[in-house]
Amino acid sequence: MAAEVHAFQTKVSKLLKLLANSLYSNKEVFLRELVSNASDAIDKLRFAAISRPELVKDDPVFSIRIRADREAGTLTISDNGIGMTQAEANQHLGTIAQSGTEDFLEHLSAEQAKDAQQIGQFGVGFYSAFIVADRVTVVSRAAGAAENEAVKWESDGSGTFTSELTTRTCRGTDVILHMKKDEADFLDPWTLRGTITKYSDHISTPVYLWETKPAEEGKEPTHEWVQVNDAKALWTLPPKDVTEEQYKEFYKHLTHDWEDPLCWAHNRVEGDLEYTSLLYCPSQAPYDLYNRDVQKGLKLFVERVFIMDRAEAFLPNYLRFIKGLVDTNDLPLNVSRELLQESRVASKLKKALTKRALDMFAKLDAEKFKVFWTQFGRVIKEGVVEDPDNRDAVLKLLRFASTKSEGAVTVSLSDYLARMPEGQKNIYYLIANSREAAEGSPYLEGLKKKGVEVLLLWERIDEWMMGALTEFDGHKFVSATAGDLELDGVKSPESEAAEKPSETSKEDDDRAVARFKAALGDQVVDVKVSKRLVDSAACVVGAHDQMLTEQMRRMLEAAGQKLPEEKYTLELNLESPLVKKALAEANPEKFNEWAGVILDQALLSEQGSIKDPAGFLKRLNALLLG
Ligand code: ADP
Ligand code: MG
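The model shown is predicted, which means the values in this text are computed figures rather than measured ones. In this numbering scheme, every chain counts its residues from 1 along its sequence in written order. For this description, chains carry letters from A and ligands carry numbers from 1, given in the order in which they are written. This being a predicted model, a pLDDT of at least 70 is required before a residue's local features are given, and a value of 80 or more before pairs of side-chain atoms are given or counted; all residues contribute to the totals for chains, interfaces and linings. Only hydrogens and water are removed before side-chain values are computed, so all heavy atoms of the structure are retained for them.

Peer 1: Explain the overall build of the protein chain to me, please; I cannot follow it from the model alone.
Peer 2: Numbered from the N terminus, helices here are DSSP runs of H or I no shorter than four residues, and strands are runs of E no shorter than two. Counting secondary structure elements, the protein chain contains 23 helices and 22 strands. Computed over its C-alpha atoms, the radius of gyration of the protein chain comes to 33 Å, more than 25% above the 25 Å expected for a compact globule of 626 residues. Here the C-alpha coordinates of the protein chain stretch approximately 115 × 55 × 45 Å along the principal axes. Accessible area is worked out with a 1.4 Å probe on protein chains only. A residue is then buried under 20% of its type maximum, exposed over 50%, and partly exposed in between. For the protein chain, with 626 residues in total, the buried portion stands at 50%. By the convention used here, residues are in contact when the closest approach between their heavy atoms is within 4.5 Å. Pairs at least 24 residues apart make up 72% of the contacts formed inside the protein chain by residues separated by at least 6 positions. A total accessible area of about 30800 Å² is found for the protein chain, and carbon and sulfur atoms account for 49% of it. Charge-centre separation for the protein chain: the mean point of 79 positive side chains lies 2 Å from the mean point of 101 negative side chains. For this measure, only C-alpha atoms enter the radius of gyration; the expected value for a globule follows 2.2 Å times N^0.38, where N is the number of residues. In short, Shrake-Rupley with a 1.4 Å probe defines the accessible areas, and a residue's cover is counted only from the protein chains shown. Charge convention: Lys and Arg are scored as positive, Asp and Glu as negative, and His as well as the terminal groups of each chain are ignored. Think of each charge as sitting on NZ of Lys, CZ of Arg, CG of Asp or CD of Glu.

What follows is the structure, encoded as C-alpha cells:
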C-alpha cells in the first residue's frame with residue numbers, strides 16, 4: 001500500500017521553519033526531548049496496565065534503548081512504551097495540541113528564535129529532532145495492536161510527512177534520526193554517552209546505550225547494551241542525596257523548559273498524610289500564564305506510578321506557574337480528575353503544598369526574590385483575594401513602589417511598618433492609572449508633608465486586590481483619596497516643620513467656600529478647605545469612601561454595567577495662588593468660570609479625563625485671554 005502524504009498543521013510548519021533557521025547553542029536538547037517522550041510513553045503504559053495487565057505481558061520489562069550507527073549516519077531512540085497507531089501518529093506527530101501556541105509563534109521573531117530560551121519555554125518536543133536530523137523516521141506499534149498494525153511515519157521537516165502501515169515485532173516506538181552531515185558528532189560514542197547520561201540520570205526507566213568494545217587481537221569488535229542511568233525516580237531519593245545539577249535536569253525533563261528553575265522544594269512527608277512533593281518555580285513566567293484555556297498543575301503519581309499530567313487539584317489558581325509533582329499512597333490508583341475534585345485527600349494535599357510553595361518563596365534570597373516578584377508578582381496578587389486562609393503569608397510576599405523608595409518595586413509591608421513615623425496608625429496607598437499618575441498625584445501632597453509614606457499602585461489587578469484588604473498586622477489600609485485620612489497624631493520631623501498657623505481667618509475661609517459652593521451648585525456634593533494639599537489648587541474626594549476609581553469604572557463599563565453618575569466633594573487649597581487669584585475676581589460670571597476650571601482640573605487629575613474637555617478648554621482660554 002502506498003504511503004499517505006499529509007501536510008503538517010500550519011503552526012507545526014511555522015515551528016519547523018523557525019527551527020531550521022535557528023542556530024542553537026544547545027542543540028543537544030533534542031535528546032532530552034526524545035528520551036522524555038520515550039519515558040512518558042512507558043509511564044502511560046504502566047498506568048494503562050493497571051487495569052489491562054495483558055498489555056504488557058509479552059514484554060514486561062520496560063527499557064529505553066539508544067543506538068548510533070555511524071556508517072548509516074543514524075541515531076535511534078527506542079522504547080517499549082505505549083506506542084502509537086497510525087491515526088495517533090498522524091495526529092500527535094503532525095499537530096501541536098497546546099492552545100495559545102499560535103499566538104506565541106506569531107510573535108516570536110526569527111531573531112528571538114535564535115535564542116534557545118525563548119523557543120525552549122514553548123516546548124518544541126518531538127519536533128526538536130529536526131534541529132539535528134534532515135529526515136526522521138518513526139516506527140511504532142501501539143500496545144494491544146497486531147504485528148501488522150504498526151505505522152511508519154517519515155518526514156524531512158519541510159511541509160509534509162508520510163505515513164503507512166508496516167510491521168513491528170513487538171509494541172513500542174523507534175525514532176530514527178538521519179543526522180545532518182555536520183551533526184555527526186552526536187554519533188560519537190563519547191559525546192553520546194555524556195549527553196545521554198545527563199538527560200537520563202533521573203529517569204525511572206533504565207536507559208541503555210549500544211556500545212562497542214574495542215576489538216581484541218585478530219577478532220571482530222563486540223557490542224553490548226550498557227545501562228547508563230540508575231533508573232530510580234529522583235523524587236524518591238532523600239533530598240540530601242540529590243545534587244543541584246540533578247534537580248535542574250529533572251526540572252527540564254518535567255517541564256521542557258530549557259532554562260534552570262529559580263528554586264525548588266523537595267519534601268517527603270510521613271504520618272497522617274503521606275506524600276512526596278517536588279515543587280519548582282521557573283525563572284521566567286510562561287507565555288501562557290494568563291491563558292485560561294491552558295490546563296496547569298502538577299504531575300500526579302500514586303505509589304510511584306504516573307497517573308496524570310497537569311492535575312489542577314493540588315494548588316490554588318494563583319500558584320498555577322508552579323511545576324512539579326506529587327506522589328502519594330493515599331489516593332487510589334484509579335483516581336480520575338472528577339474524583340480529585342471531591343477528594344478529601346486531594347484538598348488536604350492542596351493545603352499542604354500551598355504552604356510549601358509560599359514557604360519556598362519566603363526563603364528566597366534578595367536577588368532571587370527580585371526575579372520571582374518581577375516574573376510572578378502580578379499572579380501572587382490574585383492570591384490576596386483567592387486565598388484568605390493564607391492571606392498573611394501572601395501579604396508578606398507583596399512588594400510595592402512607594403513615595404519613600406525610588407524606582408523599583410521593593411517595599412514590603414513589614415518595611416513600611418518598620419519605618420512608620422510615631423503616631424501613624426494606618427497604611428496609606430494610592431491607586432492610579434500609571435506610575436507617573438500615581439507619583440504626581442495631588443493626593444500625596446499632604447501625606448508627604450507629614451512625612452507619611454504612601455504605597456503606589458497602578459496595575460489592573462490592584463484595585464481588586466486592595467478591595468479585599470482590610471488590615472495587615474493590626475494596621476488598616478487607607479486610600480490616600482479617602483475623605484478622612486486620620487493623620488492627626490502623626491509626629492515626624494516633616495510634620496513638625498509643616499505645622500504653621502493658617503494665613504487666613506476662619507471667616508475668610510467660610511466666605512471662600514461659600515462662593516465656590518454657590519458657583520458650582522449641584523456639580524459637587526460639598527466644598528471644603530483641604531488639609532491634604534500643598535502645591536495643587538484643589539482635589540476631589542468621594543462622597544463616600546468607597547468611591548469608584550477610574551480603573552474600576554472602566555472595568556465596569558467594559559462589562560456593560562451602567563454607572564451611577566458620581567459626584568465629589570471639592571477640597572480647596574486656599575493657600576494656592578490659583579485659588580487666591582480666583583477669589584480676587586469680583587465679577588460673579590468670571591468667578592464662575594474660575595470655579596469651573598478649578599473643579600475640572602481636580603477631576604482631570606483624579607480620573608485622567610473629564611466629561612466635557614471642549615467646555616473646559618473654552619473656559620480656560622477665556623481666563624487666559626483675560
Ligand atoms: P509532548 O511530549 O509535550 O506531548 P511532543 O512533541 O514531545 O509533545 O510529543 C507529541 C506527542 O507524540 C506525545 O504527546 C505523544 O502522544 C506522541 N509521542 C511522541 N513520542 C512518542 C513515543 N516515543 N511513544 C509514544 N508516543 C509518542
Ligand atoms: Mg515530549
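Peer 1: Where do I start with the pairing of strand β22 (residues 568-572) in this structure?
Peer 2: Both faces of the sheet carry side chains from a regular strand, because those side chains alternate between them. By the criterion of burial, β22 is predominantly enclosed, with five of the five residues buried. Burial along β22 is two-sided: the face carrying Tyr568, Leu570 and Leu572 and the face carrying Thr569 and Glu571 are both buried. Criterion used throughout: strands pair if DSSP finds at least two bridges between them. Of the strand pairs in this sheet, strand β20 (residues 524-529) and β22 are connected by five bridges, and their pairing is parallel. By the bridge assignment for β22, Val529 is matched with Leu572. Pairing analysis gives five bridges linking strand β21 (residues 538-542) to β22, with the strands arranged antiparallel. Across the sheet, the residue bridging to Val540 is Leu570, located in β22.

Peer 1: Just checking my understanding: could you explain the site of ligand 1 for this structure?
Peer 2: Consider each residue's heavy atoms; a residue with any of them within 4 Å of a molecule or strand counts as near. Ligand 1 sits among Asn37, Ala41, Lys44, Asp79, Met84, His92, Leu93, Gly125, Phe126, Thr173 and His256. Any pair of N or O atoms that falls within 3.5 Å is considered a polar contact. Within protein, one atom must be able to donate a hydrogen and the other to accept it, and sequence-neighbouring residues count only if both atoms are side-chain atoms. Between ligand 1 and the protein, one listed contact pairs an oxygen atom with a side-chain N or O atom of Asn37 at 2.8 Å. Calculation on ligand 1 without its partners gives an accessible area of 530 Å², and the protein chains cover 77% of this total. With three residues, the single largest contributor to the shell around ligand 1 is helix α2 (residues 29-51). Following the grouping adopted for this structure description, the nonpolar residues are Ala, Val, Leu, Ile, Met, Phe, Trp, Tyr, Cys and Pro, the charged ones are Asp, Glu, Lys and Arg, and the polar ones are all others, Gly among them. Counted by class, the shell around ligand 1 contains four nonpolar, five polar and two charged residues.

Peer 1: Looking at this structure, how should I read helix α19 (residues 506-520)?
Peer 2: An α-helix turns once per 3.6 residues; consequently, residues spaced three or four apart project the same way. Multiplying one less than the number of residues by 1.5 Å gives the expected span of a helix. Over its 15 residues, α19 runs 21 Å from end to end, which matches the ideal 21 Å to within 8%, given 1.5 Å per residue. The set of residues buried in α19 consists of Asp509, Ala512, Val513, Phe516, Ala519 and Leu520. All buried residues of α19 fall inside an arc of 130 degrees around its axis, so they share one side. Structural note: α19 exposes Glu507, Arg511 and Ala518 on the side pointing more than 90 degrees away from its buried face. Elements in contact with the buried residues of α19: β20, β22, α21 (577-583) and α22 (588-607). An arc is given here, and it is the one of the directions from the helix axis to the C-beta atoms.

Peer 1: Hey, could you run me through the packing of aromatic side chains in this one?
Peer 2: The geometry of an aromatic ring pair is captured by two quantities: the separation of the ring centres and the angle between the planes. A pair of aromatic rings is counted whenever rings of Phe, Tyr or Trp (Trp by its six-membered ring) have centres within 6.5 Å, and the orientation is called stacked for planes under 30 degrees apart, edge-to-face for over 60 and tilted otherwise. By the definition in use, this model includes 20 aromatic pairs. Ring geometry for Phe126 and Tyr127: centres 5.6 Å apart, planes at 75 degrees, overall edge-to-face. In this structure, Phe126 and Tyr127 share a single accessibility class: buried. Taken together, the ring pairs connect Phe8, Phe126, Tyr127, Trp153 and Phe161 into an aromatic cluster. Think of it as a cone above the ring: NZ of Lys or CZ of Arg counts as a charge over the ring if it is within 6 Å of the ring centre and within 35 degrees of the ring normal. Note that Arg65 overlies the ring of Trp225, its terminal NZ or CZ placed 5.1 Å from the centroid. Its guanidinium or amino end placed over the ring of Trp210, Arg67 lies 4.4 Å from that ring's centre, counting from NZ or CZ.

Peer 1: Whenever I open this one, the pairing of strand β10 (residues 261-269) confuses me. Can you help?
Peer 2: As paired elements, β10 and strand β11 (residues 275-282) share eight bridges and run antiparallel to each other. Residue pairing across strands places Trp264 opposite Tyr280, the latter belonging to β11.

Peer 1: In this structure, what is going on with the side chain of Glu571? I would like to understand it.
Peer 2: Its location among the elements puts Glu571 in strand β22. Accessibility expressed as a relative area gives 7% for Glu571, which makes it buried. There is a polar contact of 2.8 Å between the side chain of Glu571 and the side chain of Ser530. Of the polar contacts made by the side chain of Glu571, one reaches the side chain of Arg532; its length is 2.9 Å.

Peer 1: I'm lost on the sheet that holds β20 in this one. Help?
Peer 2: With mixed pairing, the three strands of this open sheet are ordered in space as β20-β22-β21. On the outer flanks of this sheet lie β20 and β21, each paired with one strand and no other. Ignoring strand direction, the axes of neighbouring strands in this sheet form an average angle of 25 degrees. To obtain each axis, a line is fitted to C-alpha atoms, and for helices this fit is confined to the stretch in contact; angles are then taken between N-to-C directions over 0 to 180 degrees. Relative to the sheet, α19 contacts β20 and β22, its axis offset from that of β20 by approximately 160 degrees. Packing against the sheet, α22 makes contact with β20, β21 and β22, and its axis sits at approximately 60 degrees to β21.

Peer 1: How do you make sense of the pattern of salt bridges when you look at a structure like this?
Peer 2: Note on pairing: side chains with opposite charge can pair once their charged atoms come close. Definition used for salt bridges: Asp or Glu carboxyl oxygen within 4 Å of a side-chain nitrogen of Lys or Arg. Scanning the entire structure with this criterion turns up 30 salt bridges. For Asp43, the salt bridge is made with Arg46, and the minimal N-O distance between the two is 3.1 Å. Taken as a pair, Asp43 and Arg46 lie in helix α2 at a separation of three residues, close to a single helical turn. According to the relative accessible area criterion, Arg46 is partly exposed, its value standing at 24%. The salt bridge involving Arg419 is made with Glu453; its shortest N-O contact spans 2.7 Å. Taken together, the residues span a long stretch of sequence, with Arg419 in the loop between α14 (413-418) and β16 (427-431) and Glu453 in the loop between α16 (444-449) and β17 (454-457) at a distance of 34 residues. Look at the salt bridges and you will find they share partners, linking Glu244, Lys248, Lys252 and Asp260 into a network.

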